[in-house]
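Topology and contacts: notes
For reference, the chains in residue letters:
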Amino acid sequence: MTDKINSWNETTWVSPSNIALVKYWGKHGEQLPNNPSLSLTLKNSVTKTQLRYRKLEKPVPDSGDLKVAYWFDGQRNKAFERKVITYMGRLHTEMPYLQNFELEFRSTNTFPHSAGIASSASSMSAIALCLVDMEKQLGLRKPPTQDVFRRASFLARLGSGSACRSVYGGWVAWGEDGLLPDSSDRYASPLEQPVPGQWQNLRDAVLIVSSAHKKVSSTAGHGLMNNHPFAEGRYHQARKHLNCMMLALQNGDEKTFIEVVESEALSLHGLLMASSADGMLLKPNSLNIINAVRAFREKTGLMICFTLDAGPNVHLLFREEDKVLVRQFIQEELLSFCENNQWIDDQVGKGPYKVENE
Ligand code: PMV
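Residues numbered from 1 in each chain as written. Predicted model: local features only at pLDDT ≥ 70, side-chain atom pairs only at ≥ 80, totals over all residues. Heavy atoms only, no water.

Concerning the layout of surface pockets
Where empty space is left in the structure can be found by rolling a water-sized probe over the atoms. Spelled out, the test is: Definitions used throughout: a 1 Å grid over protein atoms alone; a cavity as a set of points that fits a 1.4 Å probe which cannot get out; a pocket as an open set with protein on both sides within 12 Å along at least five of seven lines; a lining residue as one with an atom within 4 Å of a point. Grid points are joined across faces, edges and corners, and a volume is the space filled by probe spheres set on the points. Only DSSP runs of H or I covering at least 4 residues are called helices, and only runs of E covering at least 2 are called strands; the numbering of each starts at the N terminus. Polar here means any residue outside two lists: the nonpolar Ala, Val, Leu, Ile, Met, Phe, Trp, Tyr, Cys and Pro, and the charged Asp, Glu, Lys and Arg; Gly therefore counts as polar. An automatic or database domain assignment is the source of the domain bounds shown.
What the second largest pocket holds in volume is close to 390 Å³. Around the second largest pocket, the lining comprises 19 residues; the ones closest to its centre are G169, G170, V348, G349 and K350. Elements supplying a minimum of two residues to the lining of the second largest pocket: β1 (9-22) and β4 (37-55). Per-element accounting of the lining of the second largest pocket gives the leading share, three residues, to β4. Classifying every residue of the lining of the second largest pocket gives 10 nonpolar, seven polar and two charged. A domain split of the lining of the second largest pocket shows at least three residues from each of domain 1 (2-194) and domain 2 (198-347).

Here you go:
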């Protein structure tokens, strides 16, 4: 064990991003959500992170002095490194032994930075999975945790709330709700009840309206919900939407699914716009896409709808069997609204995995 601890060891994880259909917006305490949320884990938009670690001769004196280096795309990224150190400082109670180690992270993303895909969800979940694996390799957790994914979800949440959902594939819920057995504000869990086949292979086309950095950081955005005049109504709406969504999934009710997904997206932006001048994140082309999608749905009767993250880019959700028609629609009618004709072709994925023998 001593040898194993003193020399360099490593673990590498690939973890995906996710898109929330019922949104988490507003938090309290240590990254605890003010309402439950439900998301789809993506397949192609992933972060791959390698962690190398070795024991220091002498522990660092304080959790603020952790010996951490972070490389992104082969370059040392000091700005993200500081975020990771702050995050790992927050893990002090859970992982006090981090002060005894030197840690090096090397990361790459498959998707462009700031492309409207939540890179914090994939990167923070990948880091948490690496840390939990390191803890397991070294036998540092006493008593050993039974469920490494639950622990990784719990730890990922402390880095970025939505990251806790990226630890699982498919449909994932986070936040306590009477409807969801075993649900918790502290970690996410995959939906217990199997989701009927028609919802399992949904596709997500992400239309890049703008890749510029957003004005409102996620932390500031959640902060806008404190004292927001619509806050209580919003938390009530989110619970109601979750309820309707669960029923719609079980009953194959596409109409309700579409209504809930689009209302969630627009409610998020409504809250943003009502709380700050910087909350106007939608661009004219976001609205052009939304209008075109609604007209296309009306004309074709296809199950297609849009959702939005806290930014101008539009996610289109549709069924696998309609992908040829929808791709044609994107090419012919939507690409002119996208920055440099950019879009990302993604779909529901199975969740993170460990890369063996790199
Ligand atoms: O995880 P955070 O703190 O970046 O917040 C994410 C919030 C939304 O992406 C807008 C919604 C969600 O549930 O993912």
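From this point, the discussion proceeds with the structure in view.
Here's the deal with the pairing of strand β7 (residues 101-109)
In plain terms, the rule: Per-residue accessibility, obtained with a 1.4 Å probe over protein chains only, is compared with the maximum for each type, and a residue is labelled buried under 20%, exposed over 50%, and partly exposed between these values. Paired strands, as defined in this entry, are two strands with at least two bridges between them according to DSSP.
Within β7, seven of the nine residues are buried, which leaves the element mostly enclosed by the surrounding structure. In the sheet, β4 pairs with β7 via nine bridges, with the strands oriented antiparallel. From the neighbouring strand, K48 faces β7, where its bridge partner is T108. As judged from the six bridges shared by strand β5 (residues 67-72) and β7, these two strands associate in the parallel manner. Across the sheet, the residue bridging to W71 is R106, located in β7.

Brief notes about the pattern of salt bridges
To be explicit about the condition: Here, a salt bridge means any side-chain nitrogen of Lys or Arg that lies within 4 Å of a carboxyl oxygen of Asp or Glu.
With the rule as written, the count across this model stands at 20 salt bridges. Linking R76 and E81 is a salt bridge whose minimum nitrogen-to-oxygen distance equals 2.7 Å. On the basis of relative accessibility, which here comes to 40%, the residue R76 falls in the partly exposed class. We note a salt bridge from R234 to E264, for which the minimum N-O separation is 2.8 Å. Note that R234 is positioned in helix α6 (residues 231-251) and E264 in helix α7 (residues 254-275), a separation of 30 residues in sequence. E264 shares its class with R234; the two are buried. Among the charged side chains, a network of salt bridges with common partners joins R203, E320, K323, R327 and D345.

Here we look at the domain arrangement of the protein chain
Formally: Only heavy atoms matter for contacts: two residues are in contact if any of them lie within 4.5 Å across the pair. Accessible area that two parts lose when put together, evaluated with a 1.4 Å probe and summed over both, is termed the buried area. Any N or O atom pair separated by 3.5 Å or less is treated as a polar contact, with the protein-specific requirement of one donor-capable and one acceptor-capable atom, and with residues adjacent in sequence counted only for side-chain atom pairs.
Assigned domains of the protein chain: these are domain 1 (2-194) and domain 2 (198-347). Relative to domain 2, the C-alpha centre of domain 1 lies at a distance of 26 Å. Taken together, the contacts link 35 residues of domain 1 with 44 residues of domain 2. For the pair domain 1 and domain 2, the two sides together bury roughly 3300 Å², of which 63% comes from carbon and sulfur. Of all residues in domain 1, L21, K23 and W25 give up the largest surface area on contact with domain 2, accounting jointly for 24% of the area buried on that side. In this assembly, domain 1 and domain 2 are joined by one salt bridge. The shortest N-O distance in the salt bridge between R239 and D177 comes to 3.1 Å. Viewed at the interface, domain 2 and domain 1 are joined by 14 residue pairs in polar contact (both at pLDDT 80 or more). Only β1 and β4 provide two or more residues apiece to the side of domain 1 that touches domain 2.

A few points about the packing of aromatic side chains
For clarity, the threshold we go by: Planes of paired rings set the category: under 30 degrees apart is stacked, over 60 is edge-to-face and the rest tilted, where pairs are Phe, Tyr or Trp rings (Trp by its six-membered ring) whose centres lie within 6.5 Å.
Tallying each qualifying case throughout the model produces nine aromatic pairs. Ring centres 6.4 Å apart and planes at 45° place the aromatic pair F149 and Y168 in the tilted group. Remark: Y168 occurs in the loop between α4 (148-157) and β8 (171-174) and F149 occurs in helix α4; sequence separation between them is 19 residues. You can call F149 partly exposed: its relative accessible area is 29%. An aromatic cluster is built from W13, F149 and Y168, whose rings are joined through pairwise contacts.

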